[in-house]
Amino acid sequence: MESIRLVDAASDGHANGQRLICASCGALTAVVPCGDCGRNPLLRGRYSLLGVNGGDPDGMAYKASDSRRPADAVEVRLIPLTPEGGARLAMDLQARIASLREPPHDSIRSITSAFLVGRGLRQAVAVVQPVVEGVRLEAELGNRACSEVDTLKLLKQVLQMLVHLHDLTPPVPAGPVSPDRLLRRANGELLLLYPGHLGRDGEASDPQLMAPELAQTDWAPTADIYEVGLLGVRLLTGHHPETMADPRGWLSWEQKTSAPVELVQLLSRWLSPEPGERPNNAALALAELRALEDRQAPAPLLATPSSLGLSVSRPLTPPRHTVSLREAAENPPANRRLRAVERDGSAAGTAPADPTVTHARNIFMVVATVLVIAGLVATWSTIQGLAALF
């Protein structure tokens, strides 16, 4: 086989001291072709596997370089497949990643390329993605449980990612959204590392981390809502969901959290084995979560002078300028001000009378007058009656 020039290969076919993992036999080689098997060590004749990059939940991940874009570091993931799963994935693989080459939102990690490698029992899907720096949410959380506030915040962020995927035509699955598949970037935002759920047909996928219906039917957006429910359980309890499954595979987690009953009931419904009991997509799930948050928000307090930044020890309006009688007599302008003050009903520097009080006083005077007149009429009638007797 003719020697293939690597990104940093010398013209004599040696890799200038750099050792590669042969994509054909798995041996380390510093020459091209592989010094062990004699075949091309580059994956698909393009990607140099430079070393193992741990942390992939589905299969094996490698640090790699792209001979066509030598300046861009990439990660290559090899996800094992069953023969049946490989056959199904081969039919729609390119269609599934078409929308992810340029993701609908920057919270979703792009997929540069994806293709099948190997045959039969050694078949896998290779997924090429750009390298992104950050800390996985799993490392950030450790074994601790999150507060209700933090849980709601994280769930809303994840659902917003899924809204972008579910709005695509056709909708794209997010797959498991466990903390080891979410990355906290330097700007504090979360990134969905493995969109497309390309490994759902493979042996590496844990059945306890998938919606139950995926064992028998094709994916639908309701399956992603189940995954978000699992994330909610992980956040509230601090335990991995698979460790809380009973022998039937059902989760028993409600007693491990002190979260409000409404939130527990909502997540339990999202984890229902019946897809019809879950929201149909991420947008509806997000609306349910926000409605729950609004119901649990404390009622606003009534406004008081102190809450408005006002001091109750001083008047809310500046006092009127009062004029003494002597000043008015000696100073005509002051006299005019005195008349103006008296006209406003504040000769002593007080505010005008309250219109409500004045109105009530007028009503009282009218009623009192009517009663007096009625009493006089009754008295006159009595007098006339007595005069008639005599």
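Here the structure is a predicted model, which means the values were calculated and not measured.

A look at the nonpolar core
Taken as a class, soluble globular proteins show a tendency for nonpolar side chains to be buried jointly.
In step 1: L159 and W270 are the most contacted members of the largest nonpolar core, which totals 59 residues.
In step 2: Those elements giving two or more residues to this core turn out to be α1 (83–98), β7 (124–130), α2 (137–141), α3 (148–166), β10 (190–192), α4 (221–237), α5 (261–270) and α6 (282–296).
In step 3: Excluding residues within four positions of it along the chain, W270 makes contact with L159, I225, Y226, V228, G229, R278, P279, A285, E288 and L289.
In step 4: In terms of nonpolar packing, the next biggest core, distinct from the first, is built from 14 residues, I21, L49, F115 and A126 among them.

Thoughts on the environment of L251
In step 1: Residue placement: L251 occurs in the loop between α4 and α5.
In step 2: Of the residues examined, L251 reaches a relative accessible area of 22% and is grouped as partly exposed.
In step 3: Sequence separation between L251 and S268 is 17 residues; the distance between their C-alpha atoms is 9.3 Å.
In step 4: Those residues within four positions of L251 in sequence are excluded, and the remaining contacts are L230, P241, M244, A245 and L271.

Considerations on the sheet that holds strand β9 (residues 182–184)
In step 1: If you walk across this open sheet you meet the 3 strands as β8-β9-β10, and the pairing is antiparallel. The sheet is open, and its two edges are formed by β8 (135–136) and β10, each paired on a single side.
In step 2: Examined bridge by bridge, β9 and β10 share 3 bridges and lie antiparallel to one another. Each bridged residue has a counterpart across the sheet, and for L183 the counterpart in β10 is L191.
In step 3: Strand contacts of α3: β9 and β10, with the helix running at about 40 degrees to β10, the strand carrying the most contacts.

Rules used in this analysis
- Residues numbered from 1 in each chain as written.
- Predicted model: local features only at pLDDT ≥ 70, side-chain atom pairs only at ≥ 80, totals over all residues.
- Heavy atoms only, no water.
- Core = buried A, V, L, I, M, F, W, Y, C linked by side-chain atoms within 4.5 Å.
- Buried < 20%, exposed > 50% of the residue type's maximum accessible area, 1.4 Å probe, protein only.
- Helix = DSSP H or I, 4+ residues; strand = E, 2+ residues; numbered from the N terminus.
- Contact = heavy atoms within 4.5 Å.
- Pairing = 2+ DSSP bridges.
- Axes fitted to C-alpha atoms, helices over the stretch in contact; angles between N-to-C directions.

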